[in-house]
Amino acid sequence: MSSLIVSSTDSKKEQQSSKDNDNVKLPDRLRFVTFNICGIRNVLQYHPWNEEKSFAAMFDLLKADIICFQETKIQRKDVDADMAIVPGFESFFSFSKVKRGYSGVAIYTRNSICRPCRAEEGITGILDAPLSGGKKYRELPNCIGAYDESLGESEARLLDNEGRTLILDLDAFILIGVYCPANSATADRDAYRAAFLTALFTRVRRLIEEEKREVILMGDLNICRDKIDTVEADERMIEEGLQDFKATYARQLLDELLVPHPNGVMVDLCREQFPDREGMFTCWNQKLNARPGNYGSRIDYILASKGLSSFFENADIRPDLLGSDHCPVYADLRLSSSEMTKTSSGGFRDKIMAVPSSTPKLASKFLPEFNGRRSIKEMFAAAGLKKSSSLTESKSETKQEDCLQSSDRIEASSTPAVTEKSLPMESMSRDNEAQSLEDDERLAWECHKAMMAELELESSSNKPANLRASERNSGDTVTSTININRDWRKIFEKPKPPNCSGHNEPCIQMTTKKAGINQGRAFWICARPIGPGYERNGRSRANTNREFRCSYFKWCT
């Protein structure tokens, strides 16, 4: 049982948390992690998360203080206590309102370091705020602001109904966790994607330029920023019919948001840390087994406003951590430098550690099924605050129990112990008798088997010749039946995989899932993973990298 219901008001919790934070030493850094987990209910089944199967253990392994998940793929009814009430963290969720098991983002913040004072779902402020009497986020007196008023209500709801954005105000900065739409083959979804990116980047720019706020944008943007951020970029440009890699609308928007563009207001932290690093990919096609050969792209980012970017360090990716077709990306905000106390009014570090007067109502703990819940660890911590009189009473009761137990031990020690010698002779004689009966039965059974074998030998020698021939024919019939069964089994056995033509190695079997006349048909392909320069249609074998998959293909018959 991961949590218990306790009768404590929210105000008391905030007061206690404030006292706890007074005793907490400020850490040297604040770690941000973004991770597209491709299903929050499945990620804990993979190594290394499956060792303890808890989000608290996962966050500890990541050493994360602020975690943003994308593609949670759950509905409001699917949230359980293990997801919502993680010891030491506040959680916030956004769900898709138009499609089940689709999209979705979540953000967790560590209570001992940072606590949001405001929280919103969506980027337009058009959605209804929880526990607000039906008011929209943009209508609240303490809203975050910088909304695009040019968007109509229907268009704004369309952008925010898929559960793709969460915005938290942590006083020192605005945090935006986002899952942007992917590129699509349909005109409608391309238009939706363009409108979403425009609304997102417009609000980010307004928060920085008009509201004078520091902003951190993290998540799956579904955009490859430059040629270095995707494998075989030149061939991809040919396939897309592009002369300039940044000629797409999405890449142009991202390029204008980031430095060194003249109008750039944010910094790509991982690329700033490793400007020339190739193969720094965060997403791979699992169906093609592209991860072992690092045949992927970089579409997951942590971006920071220019005024804040200089305090970040150690931004990198974690391709060694599994559980999804993406990998975690992290960045550390340095808090130990003396300059941190000079940034912003009141000091940046003080703002981070500030405890708000109340927790935003979007927090998961305010959902009806979790309201008032606390973890077992917090429950035992609260138990330590009992009055001294109750502790004294329990100590006296313990002493009385010890006295009673002591007297029981003395009384028990006066009772003679039962040993083998003290057992009655009648019991020992019964055991010996049972053993002798077992020996007699074993000897009788051996004699019986020898007698039956001798009788069978005599009867077979006295049988007529025709009877002996019929028995031989009967044996042949049994052998024939066995052979027939063996042949039938061979028919239904799985076929032995053929060897591929490129490496002469056993192939793997896959099934066509694409709609059409071949849907459901099985086929054989090379078992090796795809990688840079792998053999495929339009590329001669002489120009391929033989380390990766060859172009062998054969339908299963």
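Note that the structure is predicted; figures quoted are calculated from it, not measured.

Caption draft 1: Structural detail: the packing of helix α5 (residues 187-209) against helix α7 (residues 249-257). Interaxial distance between α5 and α7 falls to 10 Å at its minimum, and their mutual angle equals 5°. The orientation of α5 with respect to α7, classified from their angle, is roughly parallel. Contacts between α5 and α7 involve Arg193, Ala194, Leu197, Thr198, Phe201, Val204 and Arg205 from the first element and Tyr249, Ala250, Leu253, Leu254, Glu256 and Leu257 from the second. Of the residues in the contact of α5 with α7, the class split is 9 nonpolar, 1 polar and 3 charged.

Caption draft 2: A nonpolar patch on the surface, seen in detail. Together, Ile484, Trp488 and Phe492 make up an exposed nonpolar region whose accessible area comes to about 380 Å². Mapping Trp488 onto the fold places it in helix α14 (residues 465-492).

Caption draft 3: The arrangement of the packing of aromatic side chains in detail. The final tally for this structure, using the stated rule, is 16 aromatic pairs. Taking 6.3 Å as the distance between ring centres and 40° as the angle between the ring planes, the aromatic pair formed by Phe55 and Phe59 counts as tilted. With Phe55 and Phe59 both in helix α2 (residues 55-62), this residue pair falls 4 residues apart, about one helical turn. Residue Phe59 is classed as buried on the basis of its relative accessible area of 0%. The ring of Tyr102 is capped by Lys99, whose NZ or CZ atom sits 4.8 Å from the centre of that ring.

Caption draft 4: Local environment of unusual backbone geometry. The residue after His47, namely Pro48, is reached through a cis peptide bond having omega 5°. Along the chain, the position of Pro48 falls in the loop between β2 (29-36) and α2. Here Val259 and Pro260 are connected by a cis peptide whose omega angle stands at 15°. The phi dihedral of Cys38 is positive, around 55°, even though this residue is not glycine. Relative to the assigned elements, Cys38 resides in the loop between β2 and α2. Judged by its relative accessible area of 27%, Cys38 falls in the partly exposed class. Its identity as a non-glycine residue notwithstanding, Lys212 has a phi of 55°, on the positive side. Of note, Lys212 is situated in the loop between α5 and β9 (215-220). The exposed category is assigned to Lys212, whose relative accessible area is 65%.

Caption draft 5: Spatial organisation of the pattern of salt bridges. The tally for this structure, following the rule as stated, stands at 33 salt bridges. Note that Lys136 and Glu139 form a salt bridge whose closest N and O atoms lie 4.0 Å from each other. Using a relative accessible area of 44% as the deciding quantity, one classes Glu139 as partly exposed. Measuring nitrogen to oxygen at the nearest pair gives 3.4 Å for the salt bridge that ties Arg157 to Glu153. Taken together, the positions of Arg157 and Glu153, both in helix α4 (residues 153-160) and 4 residues apart, correspond to about one turn of that helix. Judged by relative accessible area, which is 23%, Arg157 ranks as partly exposed.

Caption draft 6: Geometry of the pairing of strand β4 (residues 89-94). Judged by how many residues are buried, β4 sits mostly within the fold: 6 of 6 residues are covered. Taking every second residue as pointing to the same face, both faces of β4 are buried, with Phe89, Ser91 and Phe93 on one and Glu90, Phe92 and Ser94 on the other. Of the pairings in the sheet, the one linking β4 to strand β5 (residues 105-110) comprises 6 bridges and is antiparallel in character. When the sheet's bridge partners are listed, Glu90 is paired in β5 with Thr109.

Caption draft 7: Region of the structure containing the sheet that holds strand β13 (residues 300-305). Across the sheet, which stays open at both edges, the 6 strands sit in the order β6-β7-β8-β9-β13-β10 with mixed pairing between neighbours. Looking at the sheet topology across the chains shown, the edges are occupied by β6 (118-121) and β10 (266-268). Put simply, the sheet's adjacent strands are angled 15° from each other on average, direction ignored. Bridge count between strand β8 (residues 174-179) and β9: 6 bridges; the pairing is parallel. Within β9, the residue paired with Ile176 across the bridge is Leu217. Lying over the sheet, α5 contacts β6, β7 (165-169), β8, β9, β10 and β13, oriented at roughly 170° with respect to β8.

Caption draft 8: Spotlight on the environment of Arg334. Inspection of the secondary structure assignment puts Arg334 in strand β15 (residues 329-334). Judged by relative accessible area, Arg334 falls into the partly exposed class, the value being 23%. Between the C-alpha atoms of Arg334 and Phe312, which are 22 residues apart in sequence, the distance is 5.8 Å.

Here is what the cut-offs are and how they apply
- Residues numbered from 1 in each chain as written.
- Predicted model: local features only at pLDDT ≥ 70, side-chain atom pairs only at ≥ 80, totals over all residues.
- Heavy atoms only, no water.
- Axes fitted to C-alpha atoms, helices over the stretch in contact; angles between N-to-C directions.
- Helix = DSSP H or I, 4+ residues; strand = E, 2+ residues; numbered from the N terminus.
- Parallel < 35°, antiparallel > 145°, perpendicular 65-115°, else oblique.
- Contact = heavy atoms within 4.5 Å.
- Nonpolar A, V, L, I, M, F, W, Y, C, P; charged D, E, K, R; others polar.
- Patch = residues over 30% accessible without salt bridge, like charges linked within 9 Å, V, L, I, M, F, W, Y side chains within 5 Å.
- Areas by Shrake-Rupley, 256 points an atom, 1.4 Å probe, with all protein chains shown as cover.
- Salt bridge = Lys/Arg side-chain N within 4 Å of Asp/Glu carboxyl O.
- Phe/Tyr/Trp six-rings, centres within 6.5 Å; stacked < 30°, edge-to-face > 60°.
- Buried < 20%, exposed > 50% of the residue type's maximum accessible area, 1.4 Å probe, protein only.
- Lys NZ or Arg CZ within 6 Å of the ring centre and 35° of its normal.
- Pairing = 2+ DSSP bridges.

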